[in-house]
Amino acid sequence: KNYTLLIDGINRYYDEKLPLLLWIFEAKSHNSNTQEQANLIYTELLKNIWQSIYDPQLETVKTVEQFFHPDYEQCINGVKMNLNEYIPHVLEQKKNMNIDTIDYKHIIEQGNELFAIYYPKGKNINNLPIEAEVIAYFYFEDKQILKIHGLVRIINGELADVDM
């Protein structure tokens, strides 16, 4: 239910350039209170996951297995992957680029669902700067990512860097 609403929000953002967050808040009649904001469990978990995944000092496979559900599925820019496909994908990413920072602009968390707009920045294999805009919906189960559905747009870099 919320998944469809959030994906529709992504599409409207790209198609009509509407203020996405305002539209989602109005559509969901979201009522934030300080208690909800104090319990942003998945927001912090997501930030820790991406920091750990792209940390060159941490073992990638163990990190993915820790933070991603065994039934993990993602669809990014229409490309679908499960956990067995995702692990080699991340290993290849780490060979071809370094992510130095991720700037989280907007995050909405409700229950075990999270919607985020964020900007990873780093350098590709040729040491050229890369930056992307990521708009994604996350669904968590047992404190692990079960599903991601999102779009990635390159702001700075080569088209091949879209895999970031």
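Before reading on, note that the structure itself is shown above.
Please read all numbers here as calculations on a predicted model, not as lab measurements.

1. A short note on the environment of I130
Phase 1 of the analysis: Mapped onto the elements, I130 comes out in strand β5 (residues 129-141).
Phase 2 of the analysis: When the C-alpha positions of I130 and E158 are compared, they lie 7.7 Å apart, and in sequence the two are 28 residues distant.

2. Considering the packing of helix α5 (residues 60-67) against helix α6 (residues 83-96)
Phase 1 of the analysis: Between α5 and α6, whose axes approach to 10 Å, the crossing angle comes to 140 degrees. Between α5 and α6, the crossing angle belongs to the class labelled oblique. Where α5 crosses over α6, the two elements pack in a sense that is right-handed. Residues T60, V61, V64 and E65 of α5 touch α6, and the partners they reach there are L83, Y86, I87, V90, L91 and K94.
Phase 2 of the analysis: In terms of residue class, the contact of α5 with α6 is made up of seven nonpolar, one polar and two charged.

3. Some thoughts on the environment of I102
Phase 1 of the analysis: Here I102 is to be found in strand β3 (residues 97-110).
Phase 2 of the analysis: In this structure, the C-alpha to C-alpha distance between I102 and G122, residues 20 residues apart in sequence, is 8.9 Å.

4. Overview of the side chain of E113
Phase 1 of the analysis: By the element assignment, E113 lies in strand β4 (residues 113-124).
Phase 2 of the analysis: Residue E113 is classed as buried on the basis of its relative accessible area of 13%.
Phase 3 of the analysis: Side-chain polar atoms of E113 contact the side chain of Y137, separated by 2.5 Å.

5. Notes on the sheet that holds β4
Phase 1 of the analysis: Ordered by their spatial adjacency, six strands build an open sheet running β2-β1-β6-β5-β4-β3, and the pairing between neighbours is mixed. Among the strands making up the open sheet, the edge pair consists of β2 (79-82) and β3. For this sheet the average axis-to-axis angle between neighbouring strands, irrespective of direction, equals 20 degrees.
Phase 2 of the analysis: Judged from the five bridges that link them, strand β1 (residues 68-76) and strand β6 (residues 144-156) form a sheet pairing that is parallel. Within β6, the residue paired with I76 across the bridge is G150.
Phase 3 of the analysis: Packed onto the sheet, α5 meets β1 and β6 and runs at close to 95 degrees relative to β1.
Phase 4 of the analysis: Contacting β1, β2, β3 and β4, α6 runs over the sheet at an angle of about 110 degrees to β2.

The rules behind these values
Residues numbered from 1 in each chain as written. Predicted model: local features only at pLDDT ≥ 70, side-chain atom pairs only at ≥ 80, totals over all residues. Heavy atoms only, no water. Helix = DSSP H or I, 4+ residues; strand = E, 2+ residues; numbered from the N terminus. Axes fitted to C-alpha atoms, helices over the stretch in contact; angles between N-to-C directions. Parallel < 35°, antiparallel > 145°, perpendicular 65-115°, else oblique. Left-handed = near helix turned anticlockwise from the far one by under 90°. Contact = heavy atoms within 4.5 Å. Nonpolar A, V, L, I, M, F, W, Y, C, P; charged D, E, K, R; others polar. Buried < 20%, exposed > 50% of the residue type's maximum accessible area, 1.4 Å probe, protein only. Polar contact = N/O pair within 3.5 Å; in protein donor to acceptor, adjacent residues only side chain to side chain. Pairing = 2+ DSSP bridges.

So, to be careful, I would describe these as geometric facts and stop short of saying anything about function.
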